[in-house]
Amino acid sequence: MKFECVYIPIGVGTFHLESAQKEYESSVSALKEIQADIKYPEEMLLTIDKLEAFLGTVSPDLVIVQNVTFANGAYISEIARRFDCPVLLWALREPAVDGGRLRLNSLTGAFSAGNALSALGRRYGYVFGSPNEKAVKSKINSYISTARLKKSMKGLKLLQIGHTPQGFGFGRAGDSEMLKNFGVTLDSIEARELIDRAKGYTDADAADYLEKARGCIKCLSDIPEKNVSDFAKLYKAYYEYCAENGVGAIASRCWPDFFTSYGTPVCAVLAMLNDMNIPSACEADAYGALSMYAAQFLTGSPAFFGDPVSMDEAENTVTFWHCGTAACSLARRDTGAVAGVHCNRKIGPTLEFGCKPCEKATVLRIGKKPDGAFRIFVCTGEILDKPKQFTGTSLVVKTSAPCAEIISKAVIGGWEPHFAVGYGDISGELEALGAMFGIEVERF
């Protein structure tokens, strides 16, 4: 999907233009390091006429508006009038504080722009500092990544397969609700449609899918042959439905249907799809799947999906677990992804492994408050080098904050029991996402 990021340096000609020009040139160089194809004007836009002329040449998905000098609210108002896209305001440091002339007055310009955008009811981000500052580059990079995610969500089709089980209503989503709040298209089908499709395949039809699975999952030969064959057929049914219908994420019903009506669990199917860049949550948790999608998009790696099931205060860790749907690529190198049976139903194949470690990780959840308003759970930490904790797939996070406080606040706060865990620190991006969508972000 094409993404257009535009740098708009605004100001007026009555300040110290030599200093402004240096900041403009440094800013262009810094932005090109972050976004090679960023669009920008050949000169600073120091009049409304020049601004209007440049705006007519671009179609941005994100604008980075920098006050190279002070500019009044008319500049940002013209930008807001033309484009309904995320805005990042950038205020520069004064080049020198020496008792002499105020060279740029950029910070006041940011106040002016922020005041105008707020009056127009527009959301925006803000960064302060010089182009060569590491924190400034990091903030800009995060904002660009988040704007990409926001645009990607507008093109996302999320498939809800079947209904949430009794007592799991927190995972339900309405199509208009999903579209209104996130721009995501929600499609829904019954689980039996994919079960019937899978039942219609022969072993030969699904042979390629079985071969691919054998290349990722160890010990499939320990599972009854019919279950392995039926898993491959279901894998084919799910993947081909997604391909035919442009599905980018899945929230699938699992129990009891796939045990009672099909005889083989869907767990390993979802694991395979997670490794094929189709984030797939079980128990038909639509917002769990959306959380996984955000984590995968921002980290470039499959996200783990699971319940917080155990806590060790002395170690400051929380264990996340589920029946066996984690992407095979997340498995520890010493074990790999191993086939097993469902912890309750004793039918396979599911996945069995502890997840590989990672120095930086983010636990997240796009969830709801009791009044229906959306919010985002964000917690950072480290994924430890731990073996499988329980039957199924598990991941142990050493949290940055005290784990007992995090869990207590989350339970008292009424958070859903499903979370995504991303391989990387994407906390800044998630805060920016909340700002773009007007959703509260709770840092733990």
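Preceding this paragraph is the structure being described.
What's the story with the packing of helix α2 (residues 48-55) against helix α3 (residues 73-82) in this structure? I'm lost.
Any two packed helices are characterised by the angle at which their axes cross and by the distance between the axes. Packing of α2 against α3 brings their axes to within 10 Å, and their N-to-C directions diverge by 20°. Taken together, the axes of α2 and α3 lie roughly parallel to each other. Crossing of α2 against α3: the hand is right-handed. Residues I48, L51, E52 and L55 of α2 lie in contact with α3, whose contacting residues are A74, Y75, E78, I79 and R82. Partitioned by chemical class, the residues of the contact of α2 with α3 number six nonpolar, no polar and three charged.

What's the story with the nonpolar core in this structure? I'm lost.
Burial of nonpolar side chains together is a common tendency in soluble globular proteins. Counting 100 residues, the largest nonpolar core has M153, L158, M178, F182, Y238 and L290 as the members making the most contacts within it. When neighbours within four sequence positions are excluded, M153 is seen to be in contact with F182, G183, V184, L290, Y293, A294, L433 and F437.

I would appreciate a short explanation of the pairing of strand β17 (residues 419-422) in the present structure.
Note on strand geometry: in a regular strand, side chains alternate between the two faces of the sheet. Neither face of β17 is exposed, since F419 and V421 on one face and A420 and G422 on the opposite face are all buried. When strand β10 (residues 304-312) meets β17, the two strands line up antiparallel, connected through three bridges. Directly across from G306, in β17, lies its bridge partner F419.

Would you mind showing me how to read the sheet that holds strand β9 (residues 280-281) here?
Strands belonging to one sheet form pairs held by backbone hydrogen bonds; the direction of such a pair is parallel or antiparallel. On the basis of which strands lie adjacent, the open sheet formed by four strands has the order β6-β5-β8-β9 and parallel pairing. If you trace the sheet from one side to the other, it starts and ends with β6 (185-189) and β9, each paired once. Strand direction decides the pairing type here: strand β5 (residues 157-161) and strand β8 (residues 249-252), joined by four bridges, are parallel. Across the sheet, the residue bridging to Q160 is A251, located in β8.

How should the side chain of N316 be read in this particular structure?
Summarising the element assignment, N316 is placed in the loop between β10 and β11 (317-322). Only 2.8 Å separates the side chain of N316 from the backbone oxygen of T399, close enough to count as a polar contact. Leave out the neighbours within four places in its chain, and N316 touches V397, K398, T399, A401, P402 and C403.

It is not clear to me how the pairing of strand β2 (residues 62-67) should be interpreted in this structure. Could you clarify?
Counted residue by residue, β2 has six buried out of six residues, so it is predominantly covered. In terms of strand pairing, strand β1 (residues 5-10) meets β2 through six bridges, oriented parallel. Each residue of the ladder has a partner; that of Y7, found in β2, is I64. Of the strand pairs in this sheet, β2 and strand β3 (residues 87-91) are connected by five bridges, and their pairing is parallel. Bridged to N67 within β3 is A91. Handedness of the crossover joining β2 and β3 through α3: right-handed.

How should the packing of aromatic side chains be read in this particular structure?
Ring pairs (aromatic) are described by centroid distance and by the angle formed between their planes. Taken as a whole and assessed by the stated rule, the structure comprises 17 aromatic pairs. Pairing F182 with F374 gives two aromatic rings, centres 5.1 Å apart and planes at 85°, and the pair type is edge-to-face. With F182 in helix α6 (residues 175-182) and F374 in strand β15 (residues 374-383), the pair connects residues that are 192 residues apart, well separated along the chain. A ring pair is formed by F182 and F437, whose centres lie 5.4 Å apart and whose planes are at 65°; its orientation type is edge-to-face.

Would you mind showing me how to read helix α5 (residues 134-154) here?
With 21 residues, α5 should reach 30 Å at 1.5 Å per residue; the first-to-last C-alpha distance of 31 Å fits that figure. Inspection of α5 places V136, I140, S142, Y143, I144, T146, A147, L149, K150, S152 and M153 among the buried residues, and these make up the whole buried set.

Could you clarify how one ought to interpret the packing of helix α7 (residues 191-199) against helix α9 (residues 225-245) in this entry?
Where α7 contacts α9, the axes come no closer than 8 Å and their chain directions differ by 120°. By the angle between their axes, α7 is oblique relative to α9. The two elements α7 and α9 meet at a crossing, and its hand is right-handed. Here L194, R197 and A198 of α7 come into contact with α9, specifically with K233, L234, A237, Y238, E240, Y241 and E244. Residue composition of the contact of α7 with α9, grouped by class: six nonpolar, no polar and four charged.

Just to check I follow, could you spell out the sheet that holds β2 for this structure?
One open sheet accounts for four strands, arranged β1-β2-β3-β4; its pairing is parallel. Of all strands in the sheet, those with a lone pairing partner are β1 and β4 (125-128), marking the two edges. The sheet shows a mean angle of 20° between the axes of neighbouring strands, taken without regard to direction. In terms of strand pairing, β3 meets β4 through four bridges, oriented parallel.

Reading guide: rules and limits
Each chain carries its own residue numbering, running from 1 in the written order of its sequence. Reporting of local features is limited, given that this is a predicted model, to residues whose pLDDT is at least 70; pairs of side-chain atoms are given and counted only at 80 or more, and all residues count toward the totals for whole chains, interfaces and linings. Each side-chain value is worked out from all heavy atoms of the structure, with water and hydrogens disregarded. Note on definitions: angles span 0 to 180 degrees between N-to-C directions of axes, and those axes are lines fitted to C-alpha atoms, for helices only across the stretch in contact. Every helix listed is a DSSP run of H or I at least four residues long, and every strand listed is a run of E at least two residues long, numbered separately from the N terminus. What sets the label is the angle itself: under 35 degrees gives roughly parallel, over 145 gives roughly antiparallel, 65 to 115 gives roughly perpendicular, and the rest give oblique. By definition, turning the near helix anticlockwise from the far helix through less than a right angle yields a left-handed crossing, and turning it clockwise yields a right-handed one. In what follows, a contact means two residues having at least one pair of non-hydrogen atoms within 4.5 Å. Side-chain classes are defined by residue name, with Ala, Val, Leu, Ile, Met, Phe, Trp, Tyr, Cys and Pro counting as nonpolar, Asp, Glu, Lys and Arg as charged, and the others, Gly among them, as polar. By nonpolar core is meant a set of buried Ala, Val, Leu, Ile, Met, Phe, Trp, Tyr and Cys residues that side-chain atoms within 4.5 Å join together. Throughout, exposure labels follow a simple rule: accessible area from a 1.4 Å probe, protein chains only, divided by the maximum for the residue type, with under 20% read as buried, over 50% as exposed, and the rest as partly exposed. A pair of strands is labelled paired if DSSP reports no fewer than 2 bridges between them. What qualifies as a polar contact is a pair of N or O atoms within 3.5 Å, subject to a donor-acceptor requirement within protein and to the restriction that residues adjacent in sequence count only when both atoms come from side chains. When the strands point away from the viewer and the connection leading from the first strand across the helix to the second strand turns clockwise, the crossover is called right-handed. Stacked, tilted and edge-to-face are the three classes assigned to paired rings of Phe, Tyr and Trp, where Trp is represented by its six-membered ring and a pair needs centres within 6.5 Å; plane angles under 30 degrees give stacked, over 60 edge-to-face, the rest tilted. Any helix carries an expected span of 1.5 Å times its number of residues minus one.

In short, the description is geometric, and any link to function would need to be established separately.
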